[in-house]
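Here are the chains, one letter per residue:
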Amino acid sequence: MPVLFYVGVLIGSSTLLSSVWVRRFRIVRQTLLMQNDLEKQQKKIERAQKKEKRAHEKALKELKRTSEVKQQALRNLGATSDLMKKALQELESTDDEMAQKTLIQVISLDENHRKGNELLAELYLRVSQPKRAELIYKKLINLYPFDPNYPSQLARCYFNRRQFKAAAQHFEKALEMDKGNPARYISLGELYIVKKDYSHALLYFEKAHRLSVRDIELMFTIVDTCLNNTDPITAREYLHKILDYEPYNQQAKTMLGDVLRTLKEEA
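As the structure is a computational prediction, the values presented were derived from the model and not from experiment.

Trainee: What should I look at first to understand the overall build of the protein chain in this one?
Mentor: When helices and strands are tallied, the protein chain shows 12 helices and 0 strands. Mapped from its N terminus to its C terminus, the protein chain presents α and β elements in the order α-α-α-α-α-α-α-α-α-α-α-α. Each of the 267 residues in the protein chain was classed as buried or not, and the buried ones make up 33%. Taking contacts inside the protein chain between residues at least 6 apart in sequence as the whole, the part at least 24 apart equals 45%.

Trainee: Can you walk me through the pattern of salt bridges in this structure?
Mentor: Opposite charge on two side chains permits them to pair, given that their charged atoms come into close proximity. All told, the structure shown has 12 salt bridges when counted by the stated rule. Between Glu90 and Lys86 there is a salt bridge, and its shortest N-O distance comes to 2.5 Å. With Glu90 and Lys86 both in helix H2 (residues 77-92) and 4 residues apart, this pair spans about one turn of that helix. Residue class for Lys86 comes out partly exposed when judged on its relative accessible area of 34%.

Trainee: Mind showing me how you'd approach the packing of helix H6 (residues 149-160) against helix H8 (residues 182-194) here?
Mentor: Relative orientation of the contacting elements H6 and H8 amounts to 10 degrees, with a least axis distance of 12 Å. Looking at the two axes, H6 sits roughly parallel to H8. Here Asn149, Ser152, Arg156 and Phe159 of H6 lie close against H8, whose contacting residues are Arg184, Ser187, Glu190, Leu191 and Val194. Its residues assigned to classes, the contact of H6 with H8 shows 3 nonpolar, 3 polar and 3 charged.

Trainee: Can you walk me through the packing of aromatic side chains in this structure?
Mentor: To describe a pair of aromatic rings, you give the distance between the ring centres and the angle between the ring planes. A complete count under the given rule lists 3 aromatic pairs for this structure. Between Arg114 and the ring centre of Tyr144, over which it is positioned, the NZ or CZ distance is 3.8 Å.

Trainee: Whenever I open this one, the nonpolar core confuses me. Can you help?
Mentor: Nonpolar side chains in soluble globular proteins tend to end up buried together. Counting 58 residues, the largest nonpolar core has Tyr137, Leu239 and Ile242 as the members making the most contacts within it. Take this core: its biggest share by element is 7 residues, from helix H10 (residues 216-228). Not counting residues up to four positions away in its chain, the partners in contact with Leu239 are Phe220, Val223, Ala252, Met255, Leu256 and Val259.

Trainee: Looking at this structure, how should I read a positive patch on the surface?
Mentor: A contiguous patch of positive charge, built from Lys40, Lys43, Lys44 and Arg47, is present on the exposed surface. Relative to the helices and strands, Arg47 is located in helix H1 (residues 2-75). On the basis of relative accessible area, Arg47 is assigned to the exposed category, the value being 51%.

Trainee: How do you make sense of unusual backbone geometry when you look at a structure like this?
Mentor: Comment: phi is negative for the bulk of residues other than glycine, and the bulk of peptide bonds are trans. Its identity is not glycine, yet Arg162 carries a phi of approximately 60 degrees, on the positive side. Along the chain, Arg162 turns up in the loop between H6 and helix H7 (164-177). What makes Arg162 exposed here is its relative accessible area of 56%. Positive phi is not limited to glycine here, since Lys196 has a value of about 60 degrees. Summarising the element assignment, Lys196 is placed in the loop between H8 and helix H9 (198-211). A residue is classified by how much of its surface remains accessible, and Lys196, at 61% relative accessible area, is exposed.

Trainee: Please clarify how the packing of H9 against H10 should be interpreted in this entry.
Mentor: Packed helices, taken two at a time, are described by the angle their axes make and the gap between the axes. In contact at an axis separation of 10 Å, H9 and H10 are set at 155 degrees when each is read in the N-to-C sense. The angle between the axes of H9 and H10 places the two elements in the roughly antiparallel class. When you trace H9 past H10, the crossing you get is left-handed. Between H9 and H10, the contacting residues are Tyr198, Ala201, Leu202, Phe205, Glu206, Ala208 and His209 on the first element and Leu218, Met219, Thr221, Ile222, Thr225, Cys226 and Asn228 on the second. Taken together, the residues that form the contact of H9 with H10 break down as 9 nonpolar, 4 polar and 1 charged.

Trainee: How do you make sense of the environment of Asn249 when you look at a structure like this?
Mentor: The residue Asn249 is located in the loop between helix H11 (232-245) and helix H12 (250-266) in this model. As for Asn249 and Leu239, which are separated by 10 residues in sequence, their C-alpha atoms are 9.9 Å apart. If near-sequence neighbours (up to four positions away) are discounted, Asn249 is found in contact with Ile216, Phe220, Ile242 and Leu243. Of note is the side chain of Asn249, whose polar atom sits 3.1 Å from the backbone nitrogen of Gln251. Reaching out from Asn249, the side chain makes a polar contact with the backbone nitrogen of Ala252 at a distance of 3.1 Å.

Criteria and thresholds
Residues numbered from 1 in each chain as written. Predicted model: local features only at pLDDT ≥ 70, side-chain atom pairs only at ≥ 80, totals over all residues. Heavy atoms only, no water. Helix = DSSP H or I, 4+ residues; strand = E, 2+ residues; numbered from the N terminus. Buried < 20%, exposed > 50% of the residue type's maximum accessible area, 1.4 Å probe, protein only. Contact = heavy atoms within 4.5 Å. Salt bridge = Lys/Arg side-chain N within 4 Å of Asp/Glu carboxyl O. Axes fitted to C-alpha atoms, helices over the stretch in contact; angles between N-to-C directions. Parallel < 35°, antiparallel > 145°, perpendicular 65-115°, else oblique. Nonpolar A, V, L, I, M, F, W, Y, C, P; charged D, E, K, R; others polar. Phe/Tyr/Trp six-rings, centres within 6.5 Å; stacked < 30°, edge-to-face > 60°. Lys NZ or Arg CZ within 6 Å of the ring centre and 35° of its normal. Core = buried A, V, L, I, M, F, W, Y, C linked by side-chain atoms within 4.5 Å. Patch = residues over 30% accessible without salt bridge, like charges linked within 9 Å, V, L, I, M, F, W, Y side chains within 5 Å. Areas by Shrake-Rupley, 256 points an atom, 1.4 Å probe, with all protein chains shown as cover. Lys, Arg positive; Asp, Glu negative; His and termini not counted. Charge placed at Lys NZ, Arg CZ, Asp CG, Glu CD. Left-handed = near helix turned anticlockwise from the far one by under 90°. Polar contact = N/O pair within 3.5 Å; in protein donor to acceptor, adjacent residues only side chain to side chain.

Spelled out as structure tokens, the structure:
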């Protein structure tokens, strides 16, 4: 009996000791996990503080640089004005090579000269250097983020390089800023024409038409798009609209005759 008693006491003591160690292990483990979480949170805070500090330093540096650019532009105002007059004369006489050199001089004196950058970008587009034009339009977008012409022109750069997805994104951006301008819808329609997506092209052309109902050239574009989209009925509708405005338009009469014959044959 005493032996059993002592064995029972030993087993009980072992069980109690084990439970104490288990609880202690859990407490230690929880403490370590909490310490790890605190260390992670502290590192996140430190990273955020460093990031904020870098952003602040970058902003101050950019403000200083912008101020220096403005001061330089003011110092060079007379020379810049003379060079711009020279560049405009060269562009008017279609001396693109000299105009390019002169405009580069303008921008070297005033890197943010708005008109100088615009003219140089347009020149690069005209002489089939869309990548160079792209860089300038990106700069102009940063300087003047609310001007819809710059994303539209940037889209032209991508369009000329056949990067249609990027072109569509920037045409859409210009459209968002300038929804009352039919040219924004026409640009997107022309893009979809090149992709041979005539249904999407027609959608944008018709939106443009609602904003510019007397645009005869646009209505002819819609007619051509309808015919490419095998939709002679809508083509007929727009040809009648053209003739309502211009009853003696021979091109519209000829096309209407062709469309009516097509519809008769299909009937």
